[in-house]
Amino acid sequence: MQDEHCHGPIWTALYPQGANGDISTETQPHVTELSMKPSILTFLWILLCISCSQQGPHHTKTDLTQYADPFIGTAYVGHTHPAAQLPFGMVQVGPDTGTDQWEHCSGYYAGDSSIIGFSHTHLSGTGCPDMGDIMFMPVTGDVTFSRGEKDDPSTGYRSGFSHDSEEAHPGYYKVLLDDSHIKVELTATERTGFHRYTFPASEEAGLVIDMEHGINDQPVETYLRLLNDTTVIGKRRSTGFVADHTWYFYAVFSKPVKEMFSFAEDVISDKKQIEGKNAKFFLRFSTEQDEPLMIKVALSTVSTDGARRNMEKEIAGWDFEKVKAEAIAVWNRYLHRIKVVPRDEGQKISFYTALYHTLLMPNIITDTDGSYRLPDGTLIEDKEERYTNFSLWDTYRATHPFYLLMYPDKNAGFVQSMLDLYRQRGVLCTNEYGQNETWCMIGNHAVPVVAEAYLKKALTENRDLAAEAIFQSLTTSHPKSDWEMYDQYGYYPFDLLPVESVSRTLEHCYDDYCAALMAALVNDPEKEAFFKKRSDNFKNLFDPATKMMRGRNSNGKWRTPFDSFLLSHASTSGGDYTEGNAWQYTWHLQHDVPALLHLMGSKDDFEKKLDSLFFLDVRSLGGGFHEDVTGMIGQYAHGNEPSHHISYLYNYTDHPYKTQEIIRQIFDRFYLPTRDGLSGNDDCGQMSAWYIFSAIGFYPVNPASGEYLIGAPQFHEITLHLPNDKTFEMKANHLSDTHKYIRSAKLNGKPLSSFKITYEEIKNGGKLEFEMTDIKGETGDHQ
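What you see is a predicted model; the values in this text were computed from it and never measured.

Caption draft 1: Seen up close, unusual backbone geometry. Cis geometry is adopted by the peptide bond preceding P362, which originates at M361 and carries an omega value of 0 degrees. Among the secondary structure elements, P362 is positioned in the loop between α5 (345-358) and β20 (363-364). Cis geometry marks the peptide bond from T560 to P561, where omega comes out at -5 degrees. Mapped onto the elements, P561 comes out in the loop between β28 (548-549) and α14 (570-573). Phi is positive for M131, which is not a glycine, with a value near 75 degrees. With respect to the helices, strands and loops of the structure, M131 is situated in the loop between β3 (117-119) and β4 (135-140).

The structure is reproduced here in structure tokens:
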């Protein structure tokens, strides 16, 4: 991958190319000499990587990966994983402990005590399970091709393990398999997973490759081929939550295969290749005590040859420690963009883990030569980096605004990938995984992501195409966006649309607001007027009697009876709201909070309603699934995205200290440096991005506006090393457990004139300084 600041011969040397160590498609010579322990050269490589990590505007010797804990969020409902990968990498190689329950969305759950194997693709923090492709599992002795039962690993190749033997840092994972006493270590480059297995003394060391294995999906087409005695190639095509995705792989072993057994229910082509829906290999190797077997496994959407080229480009030779050190260096480049002075060490771990989690997805799909293949088999060769896995219902709120501020080059690649998807499909993506549109969530929230990039001038290329994509997506009907019905009524009537009628209407309003801004940017007054008017449709669902956003039918009648506390989950129980209730969605008005205040009647009415939201501890579950509505403070649900901006809305009242109070409560309760430390699905980094922004002291309530609302800083100091080589510093004087309220705030030495700060003010660099107090309600200069 290209690093954004480390240039020159040092960085080039980290990814050596050429004949030495290259892999040919022809038969490989047996590996006869391997250095099994880190050599002096290895340590020189590590020093070289550390030296590289110090290049650029923020020199330091601190290895920040020690503060990023991949295990945070792997228990309760966080749905994160400890797999080894690089930022936005194609490969996420790590353990799978389960595949068929909601807690296994990422494939790993801290409550499990056995490991099925180590697959190469994982989703981070999602609420739907998938991936888990290309699974390898080291074994000893004779095994069956069954993976075994969760509670009885001895019935198959699954193995028990203890969390005490696990270790994980960005780019590295280690565990001891209890049943076989095999030490497993994993690291990765962008497109290649690197395995190191240390076996006990045994002549029966083995490896299972199971192409049937996947996370809650079904294989459609698989094959495996022993290309020679050190190389296996294969393909896995599957369907599940992600409708249709295909991976090719190319795997090379540091030792020759001694014996091979194969299994497939369908077709056996020959002794060295099998095809079918569940192709599996069992390979045996000779090993000596403490002598590792190493495997490099590269992926590609294009072909096994594409995977081979990816491996040749990214890993030459067999120095596991060097590749691990390179991964650490890359992660440090990203983590060192932000320097923090926390209130305690736990905060530091929570912060850098949050930063780490924001950088796991989206994921690159292009090979090193720029090519990739669509699910229908079409080969694309445009030489640009392209990405998949866009959880936009979640990430438009804070994750993409964070990328735009701190990693704009990456965000540009994400936006251009979305525009490519528009070219291919005629509308922008909504929730796209594995290059497939899932239509899982509502809204058209590629619109704010694309619009924000152009409105903030982070992108200028393809501006007219971006505007066209936005306008078409908001006028061409597609699943969960029936524009004919919507334009006829000015809202979705619940008798015509029995699920999510209120939520869909409100989320359309924000997308329309962004479209109006984009129309103004491209000087299209007709479309600007159209979308601006339509962005006011929230007014059609505001019930003045209950002061709630409430469902209406096609005759304009309010839903009766009306339970404002009733949680809805469209896919399992129907209802007018998406993974929430009327209390949460009444505030889903990111673009025009003053209008909502006006609808409430007065500033005082607005504040009292907010108070009730955070106070009323009532549960009305009804039927269906509600495990993703978590992190509750009254009716506020921090574990789910529609609530994320609400705590900042006290800024529109006479008591902004209530925002400051609630933010501290959220930090203290819902972001802990433990496996169960997250209060909800991390959702591809959105939960983590909320933490990062809020730690600094502001949040993009309305991302496309270019404004951030002041909250309350949670760290003594935070310094942003911006991509334009400027720095933005935040300092919170007298911050403590009790001093959590803002007495005053200054920007570049001048009193902050409002409760907002702009993107341009941050981008230009400077200093935001808070004076903190333990007295709530003091008049602040920022008001």
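The discussion continues.
Caption draft 2: Region of interest: the pairing of strand β9 (residues 192-198). Counting buried positions along β9 gives seven out of seven residues, so the element sits mostly inside the fold. A two-sided burial pattern is seen for β9, the buried positions comprising T192, F194, R196 and T198 on one face and G193, H195 and Y197 on the other. In terms of strand pairing, strand β8 (residues 182-188) meets β9 through six bridges, oriented antiparallel. Bridge pairing in β9 places L186 opposite H195. Between β8 and β9, which pair antiparallel and follow one another directly, the connecting turn spans three residues. Where β9 lies against strand β18 (residues 292-300), seven bridges are found, and the strand directions are antiparallel. Bridge pairing links F194 to K296 in β18.

Caption draft 3: Geometry of helix α12 (residues 501-521). For α12, spanning 21 residues, the distance from its first C-alpha to its last is 31 Å, which sits close to the expected 30 Å at 1.5 Å a residue. Of all 21 residues in α12, 18 are buried; the element is thus mostly enclosed. Remark: N523 follows α12 within two positions and exhibits a positive phi of approximately 60 degrees.

How each quantity is defined
- Residues numbered from 1 in each chain as written.
- Predicted model: local features only at pLDDT ≥ 70, side-chain atom pairs only at ≥ 80, totals over all residues.
- Heavy atoms only, no water.
- Helix = DSSP H or I, 4+ residues; strand = E, 2+ residues; numbered from the N terminus.
- Buried < 20%, exposed > 50% of the residue type's maximum accessible area, 1.4 Å probe, protein only.
- Pairing = 2+ DSSP bridges.
- Expected span 1.5 Å × (residues − 1).

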